[in-house]
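# Descriptive analysis of the structure
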Amino acid sequence: MSERTRDEVVASVSDVFARTFGSAPTGVWSAPGRVNLIGEHTDYNGGLCLPIALPQRTYAAVSRRDDGVLRMASAQQDGVVEVALDDISPKQPGGWGSYVAGVLWALRRDGLPVDGLDVVVDSTVPFGAGLSSSAALECAVAAAASDLFDLDLLASTEGRARLAARCVEAENEIAGAPTGGMDQSASLLCDDAAALLLDCRSGETRQVPFDLDASGYVLLVTDTRAEHALVDGQYAARRDACEAAARDLGVETLREIGPAGLDDALGRLGSDEVRRRVRHVVTEIERVTLAVTALEAGDLDEVGRLFDLSHASLRDDYEVSCEELDVATATARSHGALGARMTGGGFGGSCIAIVRAADADAVAAAIAAAFEAEGFTPPVSFTVTASGPADRDR
Ligand code: ADP
Ligand code: MG
């Protein structure tokens, strides 16, 4: 992927801001997209997940306003969107602007004095690739608001967690996407060369060293570019099924079941489909714990094995994979990957694989050839390293 450097995007987004709004921005803030290493569809079940922040980021050139107005433009969208802060709702401003407006709405509902912004964004995170461009957008804006209104929420883990919670509310309540909390926490809390172990029940986080380069391996990300209809509906349906199963089992969330309680829980559930959904969630949470142990022991073979098990569980029990993800992961494995799995919500999006650095190009080429043979849209593959969280660039 031809990737613009951080300095290039910071300079160009500042230029666009000056052209759009007539003066230079006060500053530029950016926030990363993410890939989740393991722990998929667990966040809304109070479970564990293990994301890393990507080098791909969304940049926001921003100045504060004190008149209750938000104006915004994006290099990835046409036109300038304007909305009065008091008018922000699930209907207004609508479209991409709702991700930005939602952040200001949620910060204000939290009692924080945020009185208006001019914003121009530009991004190197591909849209809709399962790499969380939406959270990157929200978190870049939240970081800017924190600094410009002296909220001082970037200086501590607690402050960053509070910003992440506001960004989740923006996405759920204003943008209308019923996502869990992983993406925003990853974007605000991940460190360089580390994965973030996120406990979505307690909110606790821990940095787990993740530096494949040191062992001669890389993480290969393949954006399948598959477009499947009904993705949002399927996500909501899985979430509803888990919440209903938790109610039937008399627990707050499926996290409470635990590996030791799984057989008993499965015996108490009525339908085969619900049993498979619950089995995925419970075993996937356990795989996160095992993956952390393996990473800390430097056992990449075991991490790869867990990737493969995770993919099988998402494909067969949770039923959120698709042909493109299955072909990408199978091809990576047959070309030497230690393990491969879909990452993100599924039905398209991206696959991740742990491959020898020297093999990365060959694996990417093999996946591209397999896609061509199947008649799929050409995929886009790139390697990533675990990168830093939302912050001020300039
Ligand atoms: P993902 O988060 O996996 O990339 P989503 O569907 O959750 O996919 O979010 C993508 C949406 O977020 C886009 O359709 C757009 O509305 C908004 N968005 C993300 N990045 C930008 C950007 N740089 N400029 C404008 N809108 C953006
Ligand atoms: Mg998203």
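Look up a bit, the structure's there.
The present account deals with the structure reproduced in this document.

Locating Glu 169 in the fold gives a position in helix 4 (residues 157–174). The class of Glu 169 is buried, set by a relative accessible area of 17%. A polar side-chain atom of Glu 169 sits 2.8 Å from a polar atom in the side chain of Arg 166. Those residues in contact with Glu 169 that lie beyond four places of it in its chain are Trp 105, Ala 106, Arg 109 and Ile 174.

One finds Leu 37, Leu 50, Ile 52, Leu 219 and Leu 254 to be the most contacted residues of the largest nonpolar core, which totals 74 residues. With nine residues, helix 8 (residues 272–296) is the single largest residue contributor to this core. Excluding residues that lie within four positions of it along the chain, Ile 52 makes contacts with Gly 33, Arg 34, Val 35, Leu 37, Cys 190, Ala 194, Ala 195, Phe 210, Leu 219, Val 384 and Ala 386. Judged by nonpolar contacts, the second largest core, of 49 residues, contains Ala 31, Ala 140, Leu 163 and Cys 167.

The subject of this paragraph is the packing of aromatic side chains. Counted under the stated rule, the structure contains three aromatic pairs. On the basis of an interplanar angle of 65° and a centroid distance of 5.1 Å, the ring pair of Phe 17 and Phe 21 is categorised as edge-to-face. On the criterion of helical spacing, the pair formed by Phe 17 and Phe 21 is a turn pair, its members being four residues apart in helix 1 (residues 6–21). Residues Phe 371 and Phe 376 carry aromatic rings whose centres are separated by 5.2 Å and whose planes lie at 85° to one another, so their mutual orientation is edge-to-face. Under the relative-accessibility criterion, Phe 376 is labelled buried at 16%.

So, how was this worked out
- Residues numbered from 1 in each chain as written.
- Chains lettered and ligands numbered in written order.
- Predicted model: local features only at pLDDT ≥ 70, side-chain atom pairs only at ≥ 80, totals over all residues.
- Heavy atoms only, no water.
- Helix = DSSP H or I, 4+ residues; strand = E, 2+ residues; numbered from the N terminus.
- Buried < 20%, exposed > 50% of the residue type's maximum accessible area, 1.4 Å probe, protein only.
- Polar contact = N/O pair within 3.5 Å; in protein donor to acceptor, adjacent residues only side chain to side chain.
- Contact = heavy atoms within 4.5 Å.
- Core = buried A, V, L, I, M, F, W, Y, C linked by side-chain atoms within 4.5 Å.
- Phe/Tyr/Trp six-rings, centres within 6.5 Å; stacked < 30°, edge-to-face > 60°.

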